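# Report on the structure
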Amino acid sequence: GLHFFSLMAGETFAQLSLTELAYTVVEWSSFSCHYYPHRILEDSNAQDSRWSSKGTSPEQFLLLKLVKPAVLCSVTFGKPPKGYLFNLREFKIYVGEKKTHMVQVLHSGLYNDDESETLPVSRYADLDKKVMIPCFYVKIVPIANWKISVNFFTICNIKLLGDTNQKLLQTARTNFAKLCDREATRLCMRFLRQKRCKEAFEALMKQENTLLEHPQLTELYNKLVDHGDFDAVESIIRKSYADNLFSENMRKCSYTPEWELLHSSSPRPGVRGGHQMCIDSEEGKIYLLGGWNGNCELSDFWLYDIKSSVWSLIQEDTSVHGGPTARSCHKITFDTVNKCLYTIGRYVDVTRDTPASQLRSEFFVYSVKENSWKLLSKDTANDNGPKLVYDHQLSIDEENQIIYMFGGKTISTGEGSDYSGLYSYHIPTRTWKLLRGTSNQNIKTGSCSLKSRIGHSMCYYGPKNQLVIIAGQRNRDYLSDFLVYDIDTDMVEQVSMDMSQNQGPGPSFTLRANVDPLTEEIFVFSGRELDYKLSENSVQNSFWSYDMICKQWNRIYHNDSDDASYWEEMKTVEPSPRFAHQICFDTINKKHYLFGGNPGEVTNRSARLGDFWKLTLHKPCIKDLLNRILFLVRKQKYLELCATDHISALKYLQNQVAEVTNHNDPAHSTQFRKLASCLCQPREVGDVFEQRSELLEQLFSFYPRSMKQPDKSLVELIL
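Structural notes, computed from the coordinates. What you are looking at is a predicted structure, and each value in this text was computed from that prediction instead of being measured. (Residues numbered from 1 in each chain as written. Predicted model: local features only at pLDDT ≥ 70, side-chain atom pairs only at ≥ 80, totals over all residues. Heavy atoms only, no water.)

Once that is clear, we can look at the sheet that holds strand β26 (residues 457-461). Read across the open sheet, the four strands follow the order β26-β27-β28-β29; overall the sheet is antiparallel. Looking at which strands have only one partner, the edges of the open sheet turn out to be β26 and β29 (491-496). Averaged over all pairs of adjacent strands, the angle between strand axes in this sheet comes to 20 degrees, irrespective of strand direction. Of the strand pairs in this sheet, strand β28 (residues 477-486) and β29 are connected by five bridges, and their pairing is antiparallel. (Pairing = 2+ DSSP bridges. Helix = DSSP H or I, 4+ residues; strand = E, 2+ residues; numbered from the N terminus. Axes fitted to C-alpha atoms, helices over the stretch in contact; angles between N-to-C directions.)

Structure (structure tokens):
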């Protein structure tokens, strides 16, 4: 019944007195050669200063015992030197005062490089974050390597950080023990009620002064399961609806996608990938700049008017009008306040003969009002800004007039290239500031590192003044992490190291994301994806939403077909798979627009797309959700009537059940029609208690988690 809750961006350890925690290694699953478990205590860059297991199964682990009990706050993982990269892509950490009773406080992974990483762990065991977890033992369980061919796990130096304050610990012990007792009591109460031991249930509830669930849900149980009073059940549900108790569930409902291929007469943009697109939702205008058509870079600049569905060519060559030269892998962002478009970066295929003048990081702004370009900087590197980069990301905070730029690879005539950090640009004063470098040194306690990358997504999340950074590629590794950077506190929260473990997208390159600041949702369209198990990538279509309030992913759309004949048939119905595309979001009319990209054709690597799509997402309204809940209740009443009174059952089906059926939904309509067959089949009363209990579980699923009984059952914990 216990759950762990991660440190949120903006939350700090300021109220704690942190110190490095001494420990010993007391138990382990296995070890190989001279890579003994205790070698994780060695703070050394030596190649053999590490623990290595004999294999990857059965479960491998290290159990650490603290010299003094503490509240654990973070774990720092050392890394092997370059050339010996055996980093963990996935692992779990458990803590507890007893090694027989431990709570999971972290499920994460390490980046595949040689830089040490500090990861905050949860301190709390409850939803309200009031009960800290006392710790005497720390268990580290490796699950997967970055390199799947490596058949053993490796862990280098481990450092633990926490608070050993005795007063804090005593409070944590007391509160944690009370929480465990309360949850154990609730599990027993749930079991007793399931077994219909009403007297024992009520006696335990009275003795322990503990509620199994919110009183409204207890009343729902009594009216439905004990008395079969369906009218009273509906009254409770309608009251819950009036009290807005289903709003959380409503947020979790997935969307239904509707694609529309947008046709327009010439002129219109040609095929391309690596282009840029942005939108002015207030004016209903979409801007498209540059890209690569498979043969050359482009310098054309287009405008799409949403109302008239017409493309117009603003400039055939922006460089002729004082704007940027032909380019791809650049980035743009739009300021709706001042009606200005900003662009920076581009890809350059560097040779020894490439002049330095072509490697300057030019920064341009286009004024819609004046229909003119202005060069803000000949080279931002000379203005305390970034060097020339490509495959980076831009986002804008319009209210504070700040542009944020993160990631990308720098371009120079020297050997190799480096990643770029996180910068801010203050529009009124035209000043750059480096917020996070690439070394991740001297970061705040409690903050995760912010690893630079290419092919990622970044959105500005206005409600909390944060940047959301998703996936991308770092070195040879495709990432699937989800990071939130809190601008006010300079803290990074790792929401997930692998989104696919939380029903989200897998490792992706050039995926595109947009944010709806009103509904507080992130929308993600996938690009090139990697299957860890097969160690191969593919181009697939997936569209996802992430609710920033409920912390939940929903896959709205997915199609991984590689059948050419299928896509030929569906070319006007849904977009074919692609990467290096662009997608923008109309925040006013709630429409997504997708243009072009690279289809990833192996036989024709220069192929690019030039199709233009509109995506509309449909979600049931709250009244539809209410009818769906009432349908479940009336369906049960109808089935019980079928066993006793066919005539009454038929009338009830035709009137009351039909009233709450969504006949426009094929699946729901089919379910309704199938109910009629129950009248023609002999039906025994059966175990009404069991049927009503199953219905109750369905009804409970619509209520907030904080109101419900424990998720687990007593039997599940025993077996």
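Let's pick the thread back up.
Our focus in this paragraph is the packing of helix α3 (residues 215-226) against helix α10 (residues 688-700). Here α3 crosses α10 at 150 degrees, and the two axes come no closer than 10 Å. Taken together, the axis directions place α3 and α10 in an arrangement best described as roughly antiparallel. Remark: the crossing between α3 and α10 carries right-handed chirality. When α3 is examined against α10, the residues Leu 217, Leu 220, Tyr 221, Leu 224 and Val 225 are found in contact with a partner set consisting of Phe 689, Arg 692, Ser 693, Leu 695, Leu 696, Leu 699 and Phe 700. When grouped by side-chain class, the residues that make up the contact of α3 with α10 number ten nonpolar, one polar and one charged. (Parallel < 35°, antiparallel > 145°, perpendicular 65-115°, else oblique. Left-handed = near helix turned anticlockwise from the far one by under 90°. Contact = heavy atoms within 4.5 Å. Nonpolar A, V, L, I, M, F, W, Y, C, P; charged D, E, K, R; others polar.)

Attention now moves to the environment of Tyr 221. Locating Tyr 221 in the fold gives a position in helix α3. Residue class for Tyr 221 comes out buried when judged on its relative accessible area of 7%. Separated by 476 residues in sequence, Tyr 221 and Glu 697 place their C-alpha atoms 9.7 Å apart. Contact partners of Tyr 221, with chain neighbours within four places excluded, come to Arg 193, Asp 226, Phe 689 and Leu 696. (Buried < 20%, exposed > 50% of the residue type's maximum accessible area, 1.4 Å probe, protein only.)

Time to look at the layout of surface pockets. Computed from the structure, the second largest pocket encloses a volume of approximately 1000 Å³. As for the second largest pocket, its lining consists of 41 residues, and the residues nearest its centre are Thr 333, Phe 334, Ile 396, Asn 514 and Val 515. Where the lining of the second largest pocket is concerned, the elements lending two or more residues are β12 (276-280), β16 (331-335), β21 (393-397), β26, β31 (512-516) and β37 (582-586). (1 Å grid on protein atoms, 1.4 Å probe; cavity = no way out; pocket = protein on both sides within 12 Å on 5 of 7 lines; lining within 4 Å. Points joined across faces, edges and corners; volume = space filled by probe spheres on them.)

Our focus in this paragraph is the pattern of salt bridges. Throughout the structure, instances matching the rule amount to 34 salt bridges. Put simply, Arg 89 and Asp 498 hold a salt bridge, and the shortest N to O gap is 3.8 Å. With Arg 89 in strand β5 (residues 88-98) and Asp 498 in the loop between β29 and β30 (508-509), this residue pair connects regions lying 409 residues apart in the sequence. We classify Asp 498 as buried; its relative accessible area is 6%. The partner of Glu 97 in a salt bridge is Arg 173, and the shortest N-O contact between them spans 2.7 Å. Placement of Glu 97 in strand β5 and of Arg 173 in helix α1 (residues 166-194) is noted, with a sequence separation of 76 residues between them. Accessibility expressed as a relative area gives 24% for Arg 173, which makes it partly exposed. Each of the salt bridges in this network shares a partner with another, and the network as a whole consists of Lys 79, Asp 113, Glu 115, Glu 117, Lys 451 and Arg 474. (Salt bridge = Lys/Arg side-chain N within 4 Å of Asp/Glu carboxyl O.)

Topologically, Ser 49 is positioned in the loop between β2 (23-28) and β3 (51-52). Given a relative accessible area of 3%, Ser 49 falls into the buried group. Looking at Ser 49, its side chain comes within polar contact range of the side chain of Glu 42, at 2.9 Å. Setting aside residues up to four positions removed in sequence, Ser 49 forms contacts with Arg 39, Glu 42, Ser 44 and Cys 156. (Polar contact = N/O pair within 3.5 Å; in protein donor to acceptor, adjacent residues only side chain to side chain.)

With that out of the way, let us pick up the pairing of strand β14 (residues 297-305). Within β14, eight of the nine residues are buried, which leaves it mostly tucked inside the rest of the structure. Summarising the sheet, strand β13 (residues 285-292) and β14 pair through seven bridges and their orientation is antiparallel. When the bridges of β14 are listed, Trp 292 appears paired with Glu 297. With antiparallel pairing between neighbouring strands as the criterion, β13 and β14 make up a hairpin whose turn holds four residues, including Gly 294 at a positive phi of roughly 105 degrees. One ladder, built from five bridges, connects β14 with strand β15 (residues 310-315); its direction is antiparallel. If you follow Leu 303 over to β15, its bridge partner there is Ser 312.

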